[in-house]
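Residues per chain are reported as follows:
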Amino acid sequence: MSRRDLVLGVLGGGQLARMLAQAASPLGIRTVALDPAEGGCAADVAMTRQAAWDDWEALQAFAEQVDAVTFDFENVPAATARWLAERVPVYPPPAALEVAQDRLSEKTLFRACGLPTPEFRAIGSKDDLIAAVNGIGLPAILKTRRLGYDGKGQFRLRETADLEAAWDALGAQADTVGLILEAFVPFERELSVIAVRDRQGGFRCWPLTRNWHVDGVLSLSLAPAPQVDTALMAEAMGHARTLAERLQYVGVFALELFVRDGQLLGNEMAPRVHNSGHWTIEGAVTSQFENHVRAVLGLPLGLTTARGQAAMFNWIGEMPDRGAALAVPDLHWHDYGKSARAGRKVGHATICAAEPAVLAARLEQAAQWLQREAQAEPAVSLLREA
Ligand SMILES: Nc1ncnc2c1ncn2[C@@H]1O[C@H](COP(=O)(O)OP(=O)(O)OP(=O)(O)O)[C@@H](O)[C@H]1O
Ligand SMILES: [Mg+2]
């Protein structure tokens, strides 16, 4: 490095680190991603270091190289985050990361902040599970408290007979990552708030995002979420703000919400940039990635206003053929450069338009060429009604 650029350190070297680096670059900020695994897709666009989470020598060198440290995934050991925070600014603060790493402490915090959640119970044994099923009722979902992502580490119980299978599948993890039983919520819709808080306490939200999941994995997002009244919007953003202030949060985070009978329930919080905020790259004045970089490095935040209407498709397992899709106006292709593997997020595409009706037409066209009509259908009809 010839001149003294600002350098952002990222723990984890996957697609989120990659998109953070892509947003940092035009600001004159370099990115170094540290990951215990080799070959993360951030390596195409950022400097990378391969080191274990407890390789203190490598972490010391990393800390000396960067101006601030952030995360591309939330399961970095809290001890690593705390150790680094003694040497260099770490945002979000390790204490906030720790709360969000554990579904039990996260939901407990939601309730303490006045955000209702689905009924839940901590599960330490099979007897706990039986008692919790009796207390909460069925259907319910047994989840690992820690380390779950993309619907992994979850078992859905429909009837009492499923109890054995649920315990066989996850019981062994009761003593390691912990378990939680949650009531299954027959929600009308899923929304997320993508929000950012800076080092001075300045707070901004992007417009709400409507999300559709398939097998527990995000499939499609639509933003700004159509048909959300201003009261619900203000309530959702108010909850995000309360949480951010309680955690003295710095950076971008996502608050995932269910809407049932018009009421908001807190599902979980992701202490990082989030898949349901990828549309902000082309669909908002400032993307979640750029504002996260700005917040973490103490720079002023950019506007979070939407430019129009946006829809984002996730590509799971393998990238579809981009050929025809690129002909759709205002479609933006993101190939993370990962090898194909079942269930893996390998890329996404965002389609933008000034008007909902125009986006509906573009989305339908893209979905047809990409053979994703079924997934696009609910978003297309919502856009047509808007
Ligand atoms: N209690 C619930 N009731 C109804 N649906 C649920 C419940 N919990 C999870 N789901 C469904 O499964 C999806 C994934 O669950 P959750 O957000 O808990 O898992 P995750 O593995 O952390 O996912 P991700 O990393 O994609 O956010 C939710 O977005 C929702 O669609
Ligand atoms: Mg989730």
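See the structure shown above.
Rules of the game
Each chain carries its own residue numbering, running from 1 in the written order of its sequence. All chains are assigned letters beginning at A, and all ligands numbers beginning at 1, according to the order in which they are written. With pLDDT at 70 or above as the cut-off, local features in this predicted model cover only qualifying residues; side-chain atom pairs require 80 or more to be listed or tallied, and sums for whole chains, interfaces and linings still use all residues. Side-chain metrics in this entry use all non-hydrogen atoms of the structure; hydrogen atoms and water are not considered. A cutoff of 4 Å decides nearness: a residue is near a molecule or strand if any of its heavy atoms lies inside that distance of it. We call two N or O atoms a polar contact when they sit within 3.5 Å, provided that within protein one can donate a hydrogen and the other can accept it, with sequence-adjacent residues counted only if both atoms are side-chain atoms. In these tables, accessible area is a Shrake-Rupley quantity obtained with a 1.4 Å probe, and a residue counts as shielded only by the protein chains included in the view. Helix numbers and strand numbers start at the N terminus; a helix is a DSSP run of H or I with at least 4 residues, a strand a run of E with at least 2. Residues are grouped as follows: Ala, Val, Leu, Ile, Met, Phe, Trp, Tyr, Cys and Pro are nonpolar; Asp, Glu, Lys and Arg are charged; all remaining types, including Gly, are polar. Sites may look incomplete, because water is not among the atoms used; the donor set itself consists of N, O and S atoms within 2.8 Å of the metal (3.2 Å for Na, K and Ca). Buried, partly exposed and exposed residues are distinguished by accessible area as a fraction of the type maximum, computed with a 1.4 Å probe on protein chains only: under 20%, between the cut-offs, and over 50%, respectively. Should a side-chain nitrogen of Lys or Arg be within 4 Å of a carboxyl oxygen of Asp or Glu, the pair is scored as a salt bridge. Strands are labelled as partners when DSSP assigns at least two bridges between them.

What follows is about the site of ligand 1. In the region of ligand 1, 20 residues are neighbours, and Lys-143, Gly-151, Val-185, Glu-190 and Glu-268 sit closest. Between ligand 1 and the protein, one listed contact pairs a nitrogen atom with a backbone N or O atom of Ala-183 at 3.0 Å. Contact between ligand 1 and Glu-190: an oxygen atom at 2.7 Å from a side-chain N or O atom of the residue. For ligand 1, the protein covers 95% of the area, taking 610 Å² as the surface of the free molecule. Breaking the shell around ligand 1 down by element, the ones donating at least two residues are strand S6 (140–144), strand S7 (154–157), strand S8 (179–183), strand S13 (251–260) and strand S14 (263–270). Classifying every residue of the shell around ligand 1 by side-chain character gives seven nonpolar, five polar and eight charged.

Protein coordination at the magnesium ion (ligand 2): the donors are Glu-256 (OE), Glu-256 (OE) and Glu-268 (OE), at 1.9 to 2.7 Å from the metal. Note that Glu-256 is positioned in strand S13 and Glu-268 in strand S14, a separation of twelve residues in sequence. Its relative accessible area of 21% is what places Glu-268 among the partly exposed residues.

Now for the pattern of salt bridges. Within the structure shown, the criterion is met by 16 salt bridges. The closest approach of N and O atoms between Glu-74 and Arg-272, which form a salt bridge, is 2.6 Å. A residue pair is termed long-range when its members are at least 10 positions apart, and Glu-74 in the loop between strand S4 (68–71) and helix H3 (78–85) and Arg-272 in the loop between S14 and helix H9 (280–283) qualify at 198 residues. For the pair formed by Glu-74 and Arg-272, the shared burial category is buried. One connected set of salt bridges, linked through shared partners, spans Asp-102, Arg-145 and Arg-146.

Further remarks concern the pairing of strand S1 (residues 6–11). Within S1, five of the six residues are buried, leaving the element largely enclosed by the surrounding structure. With four bridges connecting them, S1 and S4 associate as parallel partners. Its bridge partner being in S4, Leu-11 is matched across the sheet by Phe-71.

That's the geometry; what it means functionally is another story.
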